Every structure is written in structure tokens, then in C-alpha cells.
Amino acid sequence: MPVRPISVGSSFVVYTLATLAMLAAGADAAAAKDNPTEVDEETAPAPKRPGKPAPADEPEVVPSAGGEPEPRPRAPAPAADVEATGARNTADTVGFSDRLFVRTPGDEVIVFPGARVQIDGAAFPRQTPKSGVYVRRARVELTGWVGRIFYFDASADFAPSPPAGSEPLAPSALPATDNYVALAPFGDAFILQAGQFDAPFTLENRTSDAYTTFIERSLTVRSVAVPRNKEVGLMVHGLVGGGLFYYSGGVFNGDGPDFRNFDNQVDAIGRVTISPFASSEGLFRRLSLGGSGWFGRHVLGPTLPTQATAGGFPFLNPEWTSGQPATTYELREHGYVAAFAGELTIPFGTHFGLRGEGVFRQQQLAETELVVGNEPVDIRGRATLTARAVYGELWFWLAGDERMLPVPGLELPNRTGRSYRRAFDDSLMLALRGEYVQDDLTTNAPTLGDPTRATTRVISGVAGANYWLGPFARISINYVLNMWSGTSETIKTLRAGSLLEHELLLRFAISL
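Note that the structure is a prediction, hence the values are computed from the model and not measured. (Residues numbered from 1 in each chain as written. Predicted model: local features only at pLDDT ≥ 70, side-chain atom pairs only at ≥ 80, totals over all residues. Heavy atoms only, no water.)

Caption draft 1: A nonpolar patch on the surface, seen in detail. There is a patch of nonpolar side chains on the surface, built from F396, L398, L428, L430, Y467, I475, I477, Y479, L504, L506 and F508 and spanning about 900 Å² of accessible area. Among the elements of the structure, β19 (379–399), β20 (426–443), β22 (473–486) and β23 (500–511) are those that each provide at least two residues to the nonpolar patch. Here I475 shows up in strand β22. You can call I475 partly exposed: its relative accessible area is 37%. (Patch = residues over 30% accessible without salt bridge, like charges linked within 9 Å, V, L, I, M, F, W, Y side chains within 5 Å. Areas by Shrake-Rupley, 256 points an atom, 1.4 Å probe, with all protein chains shown as cover. Salt bridge = Lys/Arg side-chain N within 4 Å of Asp/Glu carboxyl O. Helix = DSSP H or I, 4+ residues; strand = E, 2+ residues; numbered from the N terminus. Buried < 20%, exposed > 50% of the residue type's maximum accessible area, 1.4 Å probe, protein only.)

Caption draft 2: A look at the side chain of E330. Relative to the assigned elements, E330 resides in strand β17 (residues 327–348). Buried charge without a salt bridge: E330, with R332 as the nearest opposite-charge side chain at an N-O distance of 4.2 Å. A distance of 3.1 Å separates the side chain of E330 from the side chain of T303, its partner in a polar contact. Leave out the neighbours within four places in its chain, and E330 touches T303, P318, E319, W320, A366, E367, T368, E369, L370 and V371. (Lys, Arg positive; Asp, Glu negative; His and termini not counted. Polar contact = N/O pair within 3.5 Å; in protein donor to acceptor, adjacent residues only side chain to side chain. Contact = heavy atoms within 4.5 Å.)

Caption draft 3: Seen up close, the pairing of β22. With 14 bridges joining them, strand β21 (residues 454–469) and β22 adopt antiparallel strand pairing. Within β22, the residue paired with G461 across the bridge is L481. Connecting β21 to the next strand, β22, in antiparallel fashion are three residues, including G470 with a positive phi near 55 degrees. Across 11 bridges, the pairing between β22 and β23 is antiparallel. (Pairing = 2+ DSSP bridges.)

Caption draft 4: Local environment of the nonpolar core. Among the nonpolar cores identified, the biggest contains 49 residues, and F201, W294, F315, L331, L365 and W484 are the most heavily contacted of them. For this core, the leading source of residues is β17, giving five residues. The residues touching L331, leaving out its near neighbours within four places in the chain, are T303, L304, P318, W320, L365, A366, E367, A383, L441, D450 and T452. Formed by 15 residues, the second largest nonpolar core is a distinct cluster that contains W397, M404, M429 and L505. (Core = buried A, V, L, I, M, F, W, Y, C linked by side-chain atoms within 4.5 Å.)

Caption draft 5: A look at the pattern of salt bridges. A complete count under the given rule lists 24 salt bridges for this structure. With a shortest N-O distance of 3.4 Å, R206 and E411 are connected by a salt bridge. Here R206 is found in the loop between β9 (191–198) and α2 (219–225), whereas its partner E411 is found in the loop between β19 and β20, with 205 residues between them in sequence. According to the relative accessible area criterion, R206 is buried, its value standing at 1%. One salt-bridge network, in which partners are shared between bridges, spans E204, R355, E393, R433 and E435.

Below you can see the structure in the form of C-alpha cells.
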């Protein structure tokens, strides 16, 4: 069959298409050159889709001295924290971009299936609490996007609950999950979300427990600042100015997780931070300064949360028994609550840093007889709790660096398109923390015999080591030393047993 010659018009079309392809390739190369190679997970300005970067190992063809083409090896591309995002491959319905994702061909729905398992161990010289290994969290999560602007987070935890009839536990010892929906019409700059999630108060409370420096959040945050960790409500938050400014605030039930609304009252909670060097690549790129506020009012609200050490040893218990015949009483939230917090993070490069937070909280309470079911509440006295707490910590990365983990304190929606080349690298972090907590409880009914009345002080120190496999797996060991001080009957009893309380904590965890 004879070969059909190509017409002049066809040649012109082929030439034009080839020229356009060369121009497009040149534009893509220029854009790739201008794009930064290091982007934090939470500070990326806009959602991207995963794609296939241009191959970097293809040889470059150059003419030889004799006029014949001769391959010359291409120079290796510089190492980068984030893979370059090229043209999207619509066939990639399943992939990995910081985490596993599944999406429809047209991106109408993108979901991120995940799971979190934390196996903890603890050893105490005392008989209470008990030493041993237990399942702390066993969580299944599903987050994702529906359309371009709707985001959701749904989770369920299957860790065992404490046995019925056990002593009151600090809320931080009970597994609670995020369950919310969000509207994000302007990327990460403005997010409106409703549901149950970490309350926007202090940096550490807005850092997922999967990435905290120590096994437990600080005594300052989980006992004084946000004892219940999560709240149910409505919040707006966002990251603007390329990471320069973060804001968050909203209205919440103020009763912690899993409550509809205990007393028909709402609390206002908010937090703002500024990171003046967020757009730079210097030593202080992650330096931040911020503050939080909380104000609300309750009418015979829930019981005051128990305060306990990292290992779960209680030092402020809202329930007690006294009198003849013996009567059980409890402290319930009744009246106003006002709290303020400040935070400062000072990193020195990506391997070493300092952080501190301070909290002041004042809350009115009612001393009532213990209520079972729908029995009427009998107010026997009124009390006021004034708490002050502060912590400071430092960390040092012997291997890896802080970019292995998400930026603390943000908890922004998951996005696709930012795939870390070192996501599965090994790293080792050492950390130290010291803190001071003081609770002053006054009451107009001292004859009720509340053992927490007067002053309760705890001085605590923690030394920890973390092995990380990227952000996905960790093995952590913490040694905690607590010292009792104060004038409350509870503290006097603890000091009679021992001035110091020792704890050795261990965690094996995987978070996908």
C-alpha cells in the first residue's frame, strides 16, 4: 500500500502543536523553579491534587563534536521536603499524599480513611493506680471532602471503658473522638465547622494527641485549661497571610464531649496566634506568640472534672463523703467561668526549640449532695475555684527534625497533593518539661468537710524520648516526678504517704 504524503496544512498543524507543547513545558519548568521546596502540612495555601512529577533521571541529549546526538546524564534534582505536584493523573483514584486517600475520577468526593491505635503501659511504686498495659485508644477515622468546599471528620473509638463503680477519672483518661462537618469556601483562610472537636484554647489542646511531645498533654492544659479536651459547638478558624496569623473562636455547650447541653447555657472560647517569620526560611520560621480566652456561665452544670497526674493519680477529686450519717457530696459547675492563657514557641532551626504556656482560671461551683438519675439537686454550699498553672518544655531532635510532624496547634483539614519524601524516615526526639499547678478552693460551707478546700499545689517534671517513623508510628517513654504541696486535706494525706510520686509511662502507637 503506498504511503500517503503529508500535506502542507497537516505539516503546519503538527508544527504548531509541537511548538505549543514546548512552550507549555517551558512554563511548567519555570513555575517549578519558582515554587518553594519546603511547605508545612498546615501552612500550604491551597488544596492541591496528587500528580506525577516529571522524571528526573532521563538523560539529556546533546549534539556531539561529530554532529551525532549523544546522551548526557541530567544533574540530580536537589532534595526537597515535598514532592513537586505535576499534572493530575485522573486514573489515580487511590493514592498517598501525606496519608492514604480515595477519590472519585472527577474529585466529587475525596476521603482519607485512617486509624489510631495507642497501647500504653505504666508502672507505679504505689498500689493505686495499678501498673500494667492497657489499650488507650483504638480509633477508626474517616475524613474527607464532598464537593469543593464541604469537609467532614467522623470517628469512633473502641478502647475499653473503665469498669462501672470505679473512682472518678480525669476526662483526659477517657477516649473521645472528633465528629464534625465544616465549610471551607476559601481554602484554609476561613473554615466554619460544627460538631465535636478539640476546644480552641491553648496550643497544646489544639494539637492532636498523636503528635504531642509527651505521652500526655501537660498538667497545665489537661487539668486547668481544658479538662475535658473536646467541646461541642460552632467555630470559625483559619490561617491567613501565608501562615502569619491564625484565628479561632466560637460558641460551645461548655460541658465537654458527648453532651447535648447539660444546662442550656453556652460558653465563648477563642484563640489567636501570630508567627512573624512564617514566610522565611530562617531559624525562627515556626516562632509563634498567642493567647486564648474562655468565658461562660452555668446553672447546675456537670460535675467539676477530676484533676490527676499523667499516670492517672488523682489529687483533686470533686466527690467526697463526710458527716453522720455519711453523706456523699460533689462539686458542680454553677455560676461564671473565666479563663485566660498565653503561649510562646521559640524554635532554633528545625532541631531544637522551647515552648511555654500559662493559664489562669476562675470558676464558681455549687456543693451539692450526689445526685442519681433525675433526683432534685440540693445546694448545700457555694465555692470558688481559682487555678494558676504554667509549663515550659524543650526538645531536641537527635535524628530527623520538627518537619516530620504537623505544625502544632492548628488541626486544619486534610488535603491532597503534598507528599513528603521523608514520610517514613526514622527520627529520635528527646524532651524535658517542668510545670507548676496551684488550685485554691474557697467555700461558704466549710462544715461540709470538702477535702480539696484551701490550697493544692503540684510541681511536676517529665523527661521523655520518642522514636518516630515519620508521623505514623511512635514508641515513647516518659519518666514523671510529682511533688505535693499545699494546705488542703487531700494534699496532707498525700504528703503523709510520700512527698514525691513517681511514674514510668510507655506508649506504642500507630496513626494513619
